[in-house]
Amino acid sequence: MSVASLIRLLSLAAIWGGSFLFMRLSVGPLGPVWLIAIRVLLAAVFLTGVGIATRQTLQIKGFYKYFLILGLFNSAVPFVMFAFAAESLTASLLSILNAMSPLFAVIIMAVWSRRIPDIKTVCGLLLGVAGVGVLVGLDATHLSVREAIALLAGLVAALCYAIASVYARHAPRTPDPLSNAHGGMWASVVLIAPFVPVFAPSTAQLMTLTPVVVAGVVALGVVCSGIAYTIYFRLINDIGAAPALTVTFLIPVFGTLWGWLFLHEAVGLSTLIGGALVLWGTALVVGFDPRALFRAK
């Protein structure tokens, strides 16, 4: 991996890790549904601009069903679930839960193919479960009902990402990378739109909007969705899909760092140990080798 690609990889991890910070900052005044509706709309408009600027045509014909399914599981549902969880959980915990998606993907593939995973994979899955157990705390009475539901929502979000990943990998036909993101975001806009009037924030909530909150919403849509996807596609083109996916292991590092630095979130021993177990388990499941970061394509 060249220095430029390594910088892009770290930048992408920092941006996606920052998405949990921005959700924590912005979800209060807008609520989960409105926050994510604005996020996906901004991302869709931004990616439309990228397509126009680069003279790339969005591949729509024959992909309507594909985009709707991808938009549902890759953006609409997981974004809303994480935004809901952000009302109760820390940015560090959210980013660690996000890293569970490769583990869920392996479970889905094992069920789908009706093949028993090997010992290494089983050990990875057990480590991931143990990591979540440490994050939650062995004594569940420490969790409030709302925090428990938020934790479940975060796990559902990670599961949705896994479903989207497996679906995109095994779909009969897939569009080009930009169309994948572009079409998926517009599909998310369509899917979330009916719920916007139902979950409108109260006047009191809107009165708490500040420039920081607005900046967080814009950052979520433009930076964490639009710009992040363009960096990700560039990485896939430069170093290949597998090395690019190593960003999964770096996101919790930045998610924890931003939460501690900007929100003054406490990072306890359970967070560090639980996060390490989740990442270790995920690394075993996907066969991640840290040396892959420095290998040529």
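All of these numbers come straight from a predicted model, not from anything done at the bench.

Criteria and cut-off values
- Residues numbered from 1 in each chain as written.
- Predicted model: local features only at pLDDT ≥ 70, side-chain atom pairs only at ≥ 80, totals over all residues.
- Heavy atoms only, no water.
- Phe/Tyr/Trp six-rings, centres within 6.5 Å; stacked < 30°, edge-to-face > 60°.
- Helix = DSSP H or I, 4+ residues; strand = E, 2+ residues; numbered from the N terminus.
- Buried < 20%, exposed > 50% of the residue type's maximum accessible area, 1.4 Å probe, protein only.
- Lys NZ or Arg CZ within 6 Å of the ring centre and 35° of its normal.
- 1 Å grid on protein atoms, 1.4 Å probe; cavity = no way out; pocket = protein on both sides within 12 Å on 5 of 7 lines; lining within 4 Å.
- Points joined across faces, edges and corners; volume = space filled by probe spheres on them.
- Nonpolar A, V, L, I, M, F, W, Y, C, P; charged D, E, K, R; others polar.
- Axes fitted to C-alpha atoms, helices over the stretch in contact; angles between N-to-C directions.
- Left-handed = near helix turned anticlockwise from the far one by under 90°.
- Contact = heavy atoms within 4.5 Å.
- Expected span 1.5 Å × (residues − 1).

## Quick notes on the packing of aromatic side chains
Part 1: Counted by the stated rule, this structure contains nine aromatic pairs.
Part 2: Ring geometry for Trp 16 and Tyr 232: centres 5.7 Å apart, planes at 55°, overall tilted. Taken together, the residues Trp 16 in helix α1 (residues 3-53) and Tyr 232 in helix α9 (residues 211-239) connect sequence positions 216 residues apart. Both residues of the pair, Trp 16 and Tyr 232, count as buried.
Part 3: A connected cluster of aromatic rings, assembled from ring pairs, spans Phe 63, Tyr 66, Phe 67 and Tyr 167.
Part 4: Stacked on the ring of Phe 79, the Lys or Arg Arg 39 has its end atom at 3.8 Å from the ring centre.

## With respect to the layout of surface pockets
Part 1: Approximately 270 Å³ is the volume attributed to the second largest pocket.
Part 2: Along the wall of the second largest pocket there are 14 residues; nearest its centre are Thr 90, Leu 93, Leu 135, Ser 270 and Thr 271.
Part 3: Elements represented by at least two residues in the lining of the second largest pocket include exactly α3 (91-98), α5 (119-136), α6 (145-170) and α12 (269-286).
Part 4: Here the lining of the second largest pocket is built from residues that sort into seven nonpolar, six polar and one charged.

## Thoughts on the packing of α3 against α6
When two helices pack together, you describe them by how their axes are tilted relative to each other and by the distance separating the axes.
Part 1: At a minimum axis separation of 8 Å, α3 and α6 run at an interaxial angle of 35°. For the pair α3 and α6, the crossing hand works out as right-handed. Contacts between α3 and α6 involve Leu 93, Leu 97 and Asn 98 on the former and, on the latter, Leu 151, Gly 154, Leu 155, Ala 158 and Tyr 161.
Part 2: Class assignment of the residues belonging to the contact of α3 with α6 gives a composition of six nonpolar, two polar and no charged.

## Structural notes on helix α7 (residues 177-192)
Because the α-helix completes a turn every 3.6 residues, residues three or four places apart line up on one side.
Part 1: Helix length check: α7, at 16 residues, gives a terminal C-alpha distance of 23 Å against a target of 22 Å (1.5 Å per residue), a fit within 8%.
Part 2: For α7, a buried count of twelve out of 16 residues is recorded, marking the element as mostly surrounded by other parts of the structure.
Part 3: Of the positions making up α7, those classed as buried are Leu 178, Ser 179, Asn 180, Ala 181, His 182, Gly 183, Gly 184, Met 185, Ala 187, Ser 188, Val 189 and Ile 192.

## Observations concerning helix α4 (residues 101-113)
Part 1: An ideal rise of 1.5 Å per residue puts 18 Å on 13 residues; α4 measures up with 18 Å between its terminal C-alpha atoms.
Part 2: One or two residues past the end of α4 sits Arg 114, with phi positive at roughly 55°.

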